[in-house]
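Architecture at a glance
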Amino acid sequence: MSKTKRVGKYELKETLGKGNFSKVKRSVNVETGEINAIKIVNISSVENNGLEKQVKREISVLKTIKHANIVQMIEVLKSPNHIYIVMELVLGGELFDKIVSAKKFDEKTARRYFQQLIDGIAYCHTNKIAHRDLKPENLLLDDKDNLKISDFGLSGIMQTNTIMLSTICGTPHYVAPEVLTGSYNGMIADIWSCGIILFVMISGCHPFDGDTVQELFKRIENLEFKYPPYVSKEVRALLDKIIVVDPLKRATLTEIMNDPWFKVDFKPLHRYE
Ligand code: ADP
Ligand code: MG
């Protein structure tokens, strides 16, 4: 019989997925029988300066974050070489894979996911937490096809800025232009990423692409993109307000929530004001 690996009261089971710096496994709480997911981050693979203090601060905030569209963090454990992030198990896979297999979503389907995304983001922004690494790979689906945002606040914990992360990971497609040029507000940059996610859901392709990272960045900064012909004028009107280079002119969450296309059948869980 193989030895089961234990981390505190959690028994580690099979691997559910792999990220760039981490592995996610199913786990069982031996005291309660509860099944969770545990993200295992190799500490040597992330920047380590002042990590300890930073982790403590961020974790205490993240534990208070409770929203149906955000993957719930349960607790964080540490060993000399690893951080273990115990979280709610989410079993419906990544939104990314769903877009790939559907090619693209019809606008009603995309709207429902987008509303859930914005609702979750609004809740976190109210609590002054930015995500900074929003992309379809970080959006999971539960068994009822509800969207769950994963990795909230983790880019802060990793002390690795988004641009570095996304360059390493090779997916800078969702990065806001001001992130490329220096100082920025993580919450306003999140809104840009939400707009790109909506574009991708509706068209099945990235608005900005390039053969090199430099080319991609140039196109983002110059807003070189086109809507596929089938995108409705209502969605274009919303995206035209979000995909705006100047962060101060970009739509706010309130403006997005008041958009006529967005508002249809919107049932917020969080009252944003
Ligand atoms: P990284 O941020 O390092 O890229 P992720 O957090 O995205 O890693 O996790 C990698 C993969 O693990 C995800 O794409 C997903 O398939 C799986 N995963 C992550 N969190 C959960 C969870 N809470 N429940 C189930 N599977 C998960
Ligand atoms: Mg991730």
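Residue positions within a chain follow its written sequence, with the count starting from 1. Chain letters start at A and ligand numbers start at 1, both assigned in the order the entries are written. With pLDDT at 70 or above as the cut-off, local features in this predicted model cover only qualifying residues; side-chain atom pairs require 80 or more to be listed or tallied, and sums for whole chains, interfaces and linings still use all residues.

Under an unreviewed UniProt entry, the chain has the name non-specific serine/threonine protein kinase and belongs to Acrasis kona.

What follows concerns the site of ligand 1. Any residue whose C-beta atom, as set from the backbone, lies within 6 Å of a molecule or strand is reported as near that molecule or strand. Lining the immediate surroundings of ligand 1 are 21 residues, of which G17, G19, S22, V24 and A37 lie closest. Here a strand is any run of E in DSSP of at least two residues, a helix any run of H or I of at least four, and the numbering for each starts at the N terminus. For the shell around ligand 1, the secondary-structure elements that each account for two or more residues are β2 (10-18), β3 (22-29) and β4 (35-42). Top element by residues in the shell around ligand 1 is β2. It accounts for 3 residues. Charged means Asp, Glu, Lys or Arg here, nonpolar means Ala, Val, Leu, Ile, Met, Phe, Trp, Tyr, Cys or Pro, and polar covers whatever is left, Gly included. In the shell around ligand 1, the residues fall into 9 nonpolar, 6 polar and 6 charged.

Burial in this document is a count-based property: other C-beta atoms within 10 Å of a residue's C-beta are tallied, and the residue is buried at 20 or more, exposed at 12 or fewer, or partly exposed in between, with C-beta positions derived from the backbone. A large share of β4 lies buried, amounting to 6 of its 8 residues. Remark: 5 residues form the turn of the hairpin made by β3 and β4, two consecutive strands paired antiparallel; G33 in that turn has positive phi of roughly 80°. Where β4 lies against strand β6 (residues 82-87), 6 bridges are found, and the strand directions are antiparallel. Residue pairing across strands places I38 opposite V86, the latter belonging to β6. In short, DSSP must find at least two bridges between two strands for them to pair.

With that out of the way, let us pick up the pairing of β6. Across the 6 residues of β6, 5 count as buried, placing the element largely inside the fold. Summarising the sheet, strand β5 (residues 73-78) and β6 pair through 5 bridges and their orientation is antiparallel. Across the sheet, L77 pairs through a bridge with Y84, a residue of β6. Turn length for the β5-β6 hairpin, with the two strands adjacent in sequence and antiparallel, is 3 residues.

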